[in-house]
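# Remarks on the overall topology
Residue strings, one per chain:
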Amino acid sequence: MPRTAKGSPTMLAVAEHAGVNKSTVSRILNDSYPKGFSVRPEVRERVLRAAKELSFKPNPFVRGLKAKRTKMVAMLGLRDFGWSSRGADEHAINAMIDALADADYEVCTTFIKPGNPDFQPPRWRVDAAVVVGNSSAEQVSELDQSGIPYVTVNGPAGPAGGSVIVDDAHGAESAVRKLIELGHTRIAYLYSAFDATPPAAGRVAHASEIDRRDAYVAAMQEAGLEPVAGYDRTDWTAEQAIEQIVVRDKATAVLSYHHVMAVQHVAAIQRTGRRVPDDVSVLCFNDAFPTAEMHPSLTAMSLPGEAMGREAARMILDMIEGGTPKQMLFSESLILRESTARCR
């Protein structure tokens, strides 16, 4: 039986096993029928059965060189593996990959070059692209010009792209209102640095940072409350932030931009001798590990990552078929746990 150098069966082996020409196998397995070509259903079934029995799978790269479509989608946006959990992005990516796999699409990834904030089209042929976590529409301008169908997940799209995003402003308003219902009036919003490293020069703030911060200020003012100073700082570490807004400014509730930041905020609060939630309540965005597993477990605004990923896959497949770009806005939901309580 003809095999490749690594021992896997070849297309010729499938052809011999099915009793047909190699070209017939190629057309059936690659779904590339030239004009006027037809194949009897029983022949197609015989070829598919032979491929399954021999565990043969077409090489997507070779297939892409010969077919009008590559059956490949590029995922753009990964920068590093510095976080153990990325939250809604992680859930969305997993759901999107599953949905695209069901449609027989491969997903390939490329990392953003250090220091380059723009999302550039891949250097190989793909049918579409998905952008994860971009900060602004300007960052995908090259994709707009490339003609490649693309969808952004948790980030704004340009005029040629579709987008799957969450209503961060409404989520922040809901979080502030819940803390006010619990009797808190000294509510702080915190976006803290993960370590002592200063923010990178030219860093582009993600749209959610601006939306959540501005919605926090608006919700506090609407309730007749004064926003706690420091809501616009991004250079404080968790220790510095808690020392300022809890120890000095007497905040009784903290709204953390991200669940990983919230873990650091809880630890920093506890190191001051205060207790969560007896002395300080903590509420965060992103219901991802370890929000439910830590003690006290974290109250969180949950972003529907899995639903976003499935919708992103549906949009991508629709745009590959010539569909027009769409924008889908998802709502966040409040998950009540142990880290919030009535203000004493």
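Look above for the structure.
Now for a quick tour of the structure. All residue numbers here refer to positions counted from 1 along the written sequence of the relevant chain. The predicted nature of this model means local features are confined to residues of pLDDT at least 70 and side-chain atom pairs, given and counted, to a pLDDT of 80 or more, with totals for whole chains, interfaces and linings taken over all residues. Based on all heavy atoms of the structure, the side-chain values leave hydrogens and waters out of the count.

### Thoughts on the sheet that holds strand 6 (residues 187-190)
- Here a strand pair is declared whenever DSSP counts at least two bridges between the two strands. Per the convention used, a helix needs a DSSP run of H or I reaching at least four residues, while a strand needs a run of E reaching at least two, with both numbered from the N terminus. The 5 strands lie next to each other as 6-7-8-9-11, forming an open sheet whose pairing is mixed. Bordering the open sheet on either side are strand 6 and strand 11 (333-335), each of which pairs with just one other strand. Shown here is a sheet whose adjacent strand axes are inclined to one another by a mean of 20 degrees, direction ignored.
- The sheet contact formed by strand 8 (residues 281-285) and strand 9 (residues 299-302) spans 3 bridges and is parallel. By the bridge assignment for strand 9, Leu-283 is matched with Thr-299.
- Any pair of residues with heavy atoms lying within 4.5 Å of one another is described as a contacting pair. For helices, the axis comes from a line fit to the C-alpha atoms of the stretch in contact; other axes are also lines fit to C-alpha atoms, and the angle between any two N-to-C directions lies between 0 and 180 degrees. Together, strand 6 and strand 8 form the strand contacts of helix 8 (residues 207-222), whose direction differs from that of strand 6 by roughly 170 degrees.
- In the packing of helix 9 (residues 238-248) onto the sheet, contacts are made with strand 6 and strand 7 (253-256), and the angle to strand 6 comes to roughly 165 degrees.

### A word on helix 7 (residues 168-181)
- Here, expected helix span is obtained from the residue count minus one, scaled by 1.5 Å. Over its 14 residues, helix 7 runs 20 Å from end to end, which matches the ideal 20 Å to within 8%, given 1.5 Å per residue.
- Among the residues of helix 7, Asp-168, Gly-171, Ala-172, Ser-174, Ala-175, Val-176, Lys-178 and Leu-179 are the ones counted as buried. Relative accessibility under 20% of the residue-type maximum defines a buried residue, over 50% an exposed one, and the middle range a partly exposed one, all with a 1.4 Å probe and only protein chains included.

### Considerations on the sheet that holds strand 3 (residues 128-132)
- Here we have 6 strands laid out as an open sheet, ordered 2-1-3-4-5-10, and parallel in their pairing. Edge positions in the sheet fall to strand 2 (106-111) and strand 10 (327-330), since each of these pairs with one other strand and no more. Direction aside, neighbouring strands of the sheet carry axes that sit 15 degrees apart on average.
- With 3 bridges joining them, strand 4 (residues 150-153) and strand 5 (residues 162-166) adopt parallel strand pairing. Paired with Val-153 across the two strands is Val-164, which belongs to strand 5.
- Together, strand 1 (72-78), strand 3, strand 4, strand 5 and strand 10 form the strand contacts of helix 11 (residues 305-320), whose direction differs from that of strand 5 by roughly 170 degrees.

### Here we look at the pattern of salt bridges
- When a carboxyl oxygen of Asp or Glu is within 4 Å of a side-chain nitrogen of Lys or Arg, the pair counts as a salt bridge. Scanning all chains against the criterion turns up 16 salt bridges.
- Close ionic contact of Glu-243 with Arg-248 constitutes a salt bridge, the shortest N to O distance being 3.7 Å.
- Residue Glu-243 is classed as partly exposed on the basis of its relative accessible area of 34%.
- Among the residues examined, Arg-248 registers a relative accessible area of 54% and is labelled exposed.
- Three or more residues joined by partner-sharing salt bridges are found here, namely Arg-275, Asp-278, Asp-279 and Arg-344.

### Re the nonpolar core
- Of all hydrophobic cores here, the largest spans 42 residues; its most connected members are Tyr-216, Ile-242, Ile-245, Val-254, Leu-255, Val-282 and Leu-298.
- Elements with a contribution of two residues or more to this core: helix 7, strand 6, helix 8, helix 9, strand 7, helix 10 (259-271), strand 8 and strand 9.
- To qualify as a nonpolar core, a set must consist of buried Ala, Val, Leu, Ile, Met, Phe, Trp, Tyr and Cys residues joined through side-chain atoms within 4.5 Å. By size, the runner-up hydrophobic cluster in this structure holds 25 residues, among which are Val-73, Leu-303, Met-308 and Ile-316.

### Thoughts on the packing of aromatic side chains
- The pairing test for Phe, Tyr and Trp rings, Trp by its six-membered ring, is centres within 6.5 Å, and the orientation test on the planes gives stacked under 30 degrees, edge-to-face over 60, and tilted for anything in between. Taken as a whole and assessed by the stated rule, the structure comprises 3 aromatic pairs.
- Between Tyr-216 and Tyr-231, the ring centres sit 6.0 Å apart and the planes meet at 50 degrees, which makes this aromatic pair tilted. One end of the pair, Tyr-216, is in helix 8; the other, Tyr-231, is in the loop between helix 8 and helix 9, with 15 residues separating them in the sequence.
- With relative accessibility at 0%, the residue Tyr-216 sits in the buried group.
- Aromatic ring contacts, followed pair by pair, group Tyr-189, Tyr-216 and Tyr-231 into a single cluster.

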